[in-house]
Amino acid sequence: MSFCTICGRVAWNKSDFCRYHKEALDGLQSSYELWRKASELSWDEYIEKLCQIDETGRWVLDVAEQIRSGDGLSTPT
Amino acid sequence: MSRVMVITEKPTAAKRIAHALDDNKTPMEVKKRGASYYDCKRGTDELIVVYALGHLFELKQTVKGWTYPRMETSWVPKYEVEKKATQTKPIINLIKRLAKDVDTFVVATDHDIEGSLIGYLTLKYACKADPMVARRMLFSTLTDSEIQNAFDNMSGTLDFPMIEAGQVRHEIDWLYGINLTRVLTLAVKNTAGWFKIVSTGRVQGPTLSYIAEREQEVNLFVPYPFWIIQAKTVHNDMEIELEYSKKRIDTKNDAENIVKDLDGKTAHVDSINSRTTAQQPHPPFNLSTLQSEAYRHFGFKPSRTLAVAQSLYLDAIISYPRTSSEKLPQTLDLKEILKGLGKMKNYSSMVKQVVQAGNLIPVQGKKSDPAHPAIHPTGSKPTKQLTPTEKKLYDLIVRRFLSLFGESAVKEHLRADIKHEDYLLYLRGLRILKHGWMEFYGPYTKTNEKELPDISEGDSFLLSPVNDEERYTQPPSRFNPSSLLKLLERENLGTKATRARIVDSIKSRGYTLNDKFELSTLGYALFETLEKYMPDILSPELTRHLEKEMNDILQERTNRVDVLSRAKGDLLELLENFKLQEGKIGNELVTGLQRYWKSKEELGECPKCREGTLRVIRSSKTGKRFVGCSNYSKSKCDQTFPLPQKGDLSPLDMTCPHCGYQMFQVVSGRRKWETCINWTECPGRKDELKALEEQRKKRTEKPQKENKK
Ligand SMILES: [Zn+2]
C-alpha cells in the first residue's frame, strides 16, 4: 500500500496523493487555463500566485507548494 | 377536601405555578432531605406542587455487557445511569412518598414532546400512578392568569401520542447511539488495545457529514481572478467614489483598457432615477429566528440563547421559547401585554405610540406550531434583577414584538447614471422616507442610509484617479453555530429542543476545532471511516425517516411498538454487517487517532524522565502555551520548554541535528518553519534565528520596492 506524500493518507489509484490531494491537483491543473486567459500568467507564476493568496484552499496550497519546491510535477499538456 | 399532586418540570416552574394557584399567593415550600415541594390551598383542595429536574428517568440496557448488539431497555432512575445525577435521588424518593395519599394527579410540565414524556415517566415510575386517569394542564406562559386558567380548564387526559413519540425517539436514539458508539470504540480497542470513546449517533452522523462536505469544498477551492474598477472624482470640494457599472471584469487586459479610456476624462450626469420600496416588519420570533438574530447582534451561541430564553420564560416575562411558530393567535390578550410593557421605563413611550396608532393587528409569519405561539413578552415585570445577558435578549424580544404593530418602512433608492462615451458609472444613495416599524426595532435594524451628493443632470465630473484592482473569488464560508443550526432546521434534522446540543457536542468531542467548525484530524478519521463502512449513518435519510414516523405517531397513523420493532430490525442488520468488518474499521480509526493525537497534543517522548509524553499545555494563569511532560500532574517530572505563541504546531518525524531534541513545524498565516523544542537554547538555532530575522527584514522591505514600481 502506498501513502500520500503530503498527508500520509492512503494513496489514490497509484497516484502520489490521497484522494483529497489528487482532487486538489486536478482542480489546480484544470483551473490554469482560465488564469492564463485572464492574466497571461506562466505556469510557474500561476503556482506562485496560488501559494500567495489567502483564498487558496488548504489542500490546493499543499499541492502548489510541493510543485513550487520542484518535485517533478509539471505543466499539464 | 381532596389532595391534588401537580407535577412540574423544574424547581423554578414549580415555584411560579404554586404561587399562581395558591388562593393567598403564599404557598409554603416544604424542604425534605435535599428536595422540596410546595403546599398550597385552592378552594377546598390541597395542592402539592412537586418538580422534576428535566428527566428523572433514563433508559438502561436490561442485558449486561459493554458490547453490541444491545436491543432491550427499561426506564430506571437517572442516578443509576449517570453518576453525576445524584440530585435526582432525593427528588424521586420525595415524590414516591408524597404520592401515596393523593386523589388526583395533574401533569403541568411544558407542553411539548419532552415535557409530556417527563410528566408521564414521573407519574408512572415515581408516583406509581395510572397515567390513564391523570389530567393535563396546558399553557404557553407562566403568568398567574394563564396558569390559573390552565388549572381551571385542564384536560381530562394526557397527550398519549406526544408521549409515545417522545418515548420512541429516546429509545431509537439510545439504540443507535449506544450500539454504533460501541462498534467504533470496540473496533479501536480490539485493534490497538486503547479505550477511547468514539461516538456517533442518529443526528450527529449527518451533521458531521455536512461539516465534512463543506470542509472539502473549502480545502479544494481554487480561486479565480477578476478585476474591479475604482473611479473617483471631486465635486463641490468633496471626494466622491463612483461605482463602475460592471462589477467584475474578467481579464486584466480589459480592466487596463477601461482604466486607460476613463482616467483623466470628463463624464456627465446623464440621469438621476429614484425608486421607492416598502418593507413590512419581520415576523414574530420562533426559537430558530431568535437564535440567529441573537447570534448576529450579540454573538450568543444557539445553546446559550436557548438557556437564557428558558430563564426568561421561567421568570414568566416571555412565552415558551421552544416553538417553531411565527404566529400570534387571536386569543392572545395583546392589550394586556402592551399595558404591562407600557409600565416599563424603557418601553413606555414606544407602547404609547403603538396604542395611539391604533393598529393592534400584528404581522404574522408563515410557520406554525401546534402547541405554542411565537415567542412574545408577557408584559409581566421581572421578579428579579435581570443579568446583562438576559436584559439584551429580553430587549430584542420586546422590540421585535412592538415592531409587529409598526407601519411599513419606506425607502427611497436613488441612482445617478454618469456617462463617458459608452462607459457607464453609478452614484447611489439611500434615504429612509418613513422609519415605521424600524423605530421600534431600533438598534437591530439595518438601515445603510447614504445621502446622494448634491448633483443635477448635466453636471460634469473629472474622473481621477481611475484604477483597477485584482481580486479573487471567495471560497464558501465554513459553518458558524448559527448557520449550522439553520441548516439542520432546513434539513429537518433533530428537533428544536435537541439541535443546539448536537451542534455543541460535535465540537466538544474534538471532531471540529473552533467556532468556524473546521474539521479536526479526528473528525476526518471518523468521517472517512463512516463514509466507507457505514454510509447510511451519515445520510440524513435515516433520521428524516424517524422524524416522519414520529410525526405519524403524533397523527395517530402508527404507534410506538411498530416503529420501534422496525428500527430494531434495521439496526440489527447494520450491526451484523459491521461486525464482519470490525478489523478494517479499527485500523482506519486507529491511524486517524494517531494522527490526531500527534498533531494536536503530543510532541514525543519526554527527554528528561523518558516515561512521560511531551504535550502542549496552556497556563491557566497567563493563557500562554508551553511544552510540559505528561508526568507533571503526577509530580514525577517538571520538564518544560517555551513555545512560540502564534501558529499551528505539528510534530515532525525527526530530531534536531544540533541538539537531538524533537523537531516540530509552525504554520502561522502564510509562514511555515521548522525548529526544535529546545529552540531557545539550541546551539544550532542561533544562526538560524539570525537568518530568520534577516529574511524577515528583507521581506518587509521588498513590498515597498514593488509599490514604487
Ligand atoms: Zn494527502
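The structure under discussion appears in the preceding block.
All values reported here derive from a predicted model rather than from experimental measurement. Numbering of residues begins from 1 in every chain and follows the order in which that chain's sequence is written. Here every chain gets a letter starting at A, and every ligand a number starting at 1, in the order they are written. Local features in this predicted model are restricted to residues of pLDDT 70 or higher, and side-chain atom pairs are both shown and tallied only at a pLDDT of 80 or more, whereas totals for entire chains, interfaces and linings draw on every residue. With hydrogens and water excluded, all non-hydrogen atoms of the structure serve as input to the side-chain values.

### Let's talk about the overall build of chain A
Move 1: In this text, helices come from DSSP runs of H or I with a minimum length of four residues, and strands from runs of E with a minimum of two, each type numbered from the N-terminal end. Secondary structure summary: chain A contains 3 helices and 0 strands in total.
Move 2: Mapped in sequence order, the helices and strands of chain A form the string α-α-α.
Move 3: For chain A, the C-alpha radius of gyration of 12 Å lies close to 11 Å, the compact-globule estimate for 77 residues.
Move 4: In terms of overall dimensions, chain A has a C-alpha envelope of 40 × 25 × 20 Å along the principal axes.
Move 5: With a 1.4 Å probe rolled over the protein chains alone, any residue whose accessible area is under 20% of its type maximum counts as buried; one over 50% counts as exposed, and the rest are partly exposed. For chain A, with 77 residues in total, the buried portion stands at 45%.
Move 6: The contact definition used throughout considers only heavy atoms, calling two residues in contact when any of these lie within 4.5 Å. Summarising the internal contacts of chain A: among those between residues at least 6 apart in sequence, 32% fall at separations of at least 24.
Move 7: Accessibility throughout is a Shrake-Rupley quantity obtained with a 1.4 Å probe, and a residue counts as covered only by protein chains that appear here. When the accessible surface of chain A is split by element, carbon and sulfur atoms take 47% of a total near 4300 Å². Both definitions apply: the radius of gyration is a C-alpha atom measure, and the globule rule equals 2.2 Å times residues to the power 0.38.

### What to know about a nonpolar patch on the surface
Residues and elements named next belong to chain A.
Move 1: Taken together, the side chains of Met-1, Phe-3 and Val-10 make up a nonpolar region of the molecular surface, amounting to roughly 380 Å² of accessible area.
Move 2: Along the chain, Met-1 turns up in the segment before helix H1 (19–39).
Move 3: Here Met-1 falls in the exposed class, since its relative accessible area comes to 82%. Patch construction takes residues with relative accessible area above 30% that form no salt bridge. Like charges are linked within 9 Å, and nonpolar side chains (Val, Leu, Ile, Met, Phe, Trp, Tyr) are linked within 5 Å. Whenever Lys or Arg places a side-chain nitrogen within 4 Å of a carboxyl oxygen from Asp or Glu, that contact is recorded as a salt bridge.

### So, the pairing of strand E5 (residues 57–61) of chain B
Residues and elements named next belong to chain B.
Move 1: Burial analysis of E5 places 4 of its 5 residues in the buried class, which makes it a mostly covered element.
Move 2: A pair of strands is treated as paired once DSSP finds two or more bridges between them. One ladder, built from 5 bridges, connects E5 with strand E6 (residues 73–77); its direction is antiparallel. By the bridge assignment for E6, Phe-57 is matched with Pro-77.

### Concerning the packing of aromatic side chains
Move 1: Two aromatic rings from Phe, Tyr or Trp, using only the six-membered ring of Trp, form a pair when their centres are within 6.5 Å; if the ring planes differ by under 30 degrees the pair is stacked, by over 60 it is edge-to-face, and anything between is tilted. The tally for this structure, following the rule as stated, stands at 17 aromatic pairs over all chains.
Move 2: On the basis of an interplanar angle of 10° and a centroid distance of 4.4 Å, the ring pair of Tyr-20 of chain A and Trp-59 of chain A is categorised as stacked. Here Tyr-20 of chain A, found in helix H1, pairs with Trp-59 of chain A, found in helix H3 (residues 58–68); they are 39 residues apart in sequence, far enough to count as distant. Here Tyr-20 of chain A matches Trp-59 of chain A in class, with each residue buried.
Move 3: Measuring from centroid to centroid gives 5.3 Å for Phe-401 of chain B and Phe-405 of chain B, while their planes differ by 80°, and the two rings are edge-to-face.
Move 4: Taking relative accessible area as the criterion, Phe-401 of chain B reaches 2% and is therefore assigned buried.
Move 5: Within the aromatic cluster, the residues linked to one another by ring pairs are Tyr-32, Trp-35, Trp-43 and Tyr-46 of chain A together with Tyr-472 of chain B.

### Let's talk about the sheet that holds strand E2 (residues 28–32) of chain B
Residues and elements named next belong to chain B.
Move 1: If you walk across this open sheet you meet the 6 strands as E2-E3-E4-E1-E7-E8, and the pairing is mixed. Looking at strand neighbours, the two that pair on one side only are E2 and strand E8 (135–136), the edges of this open sheet.
Move 2: The sheet contact formed by strand E7 (residues 104–107) and E8 spans 2 bridges and is parallel. Looking across to E8, one finds that Val-107 is bridged to Arg-136.
Move 3: Seen against the sheet, helix H1 (residues 11–21) touches strand E1 (3–8), strand E3 (35–42) and strand E4 (45–51) and runs at an angle of roughly 15° to E3.
Move 4: Together, E1, E2, E3 and E4 form the strand contacts of helix H3 (residues 88–98), whose direction differs from that of E3 by roughly 35°. Note on geometry: axes are C-alpha line fits, over the in-contact stretch for helices, and angles between N-to-C directions span 0 to 180 degrees.

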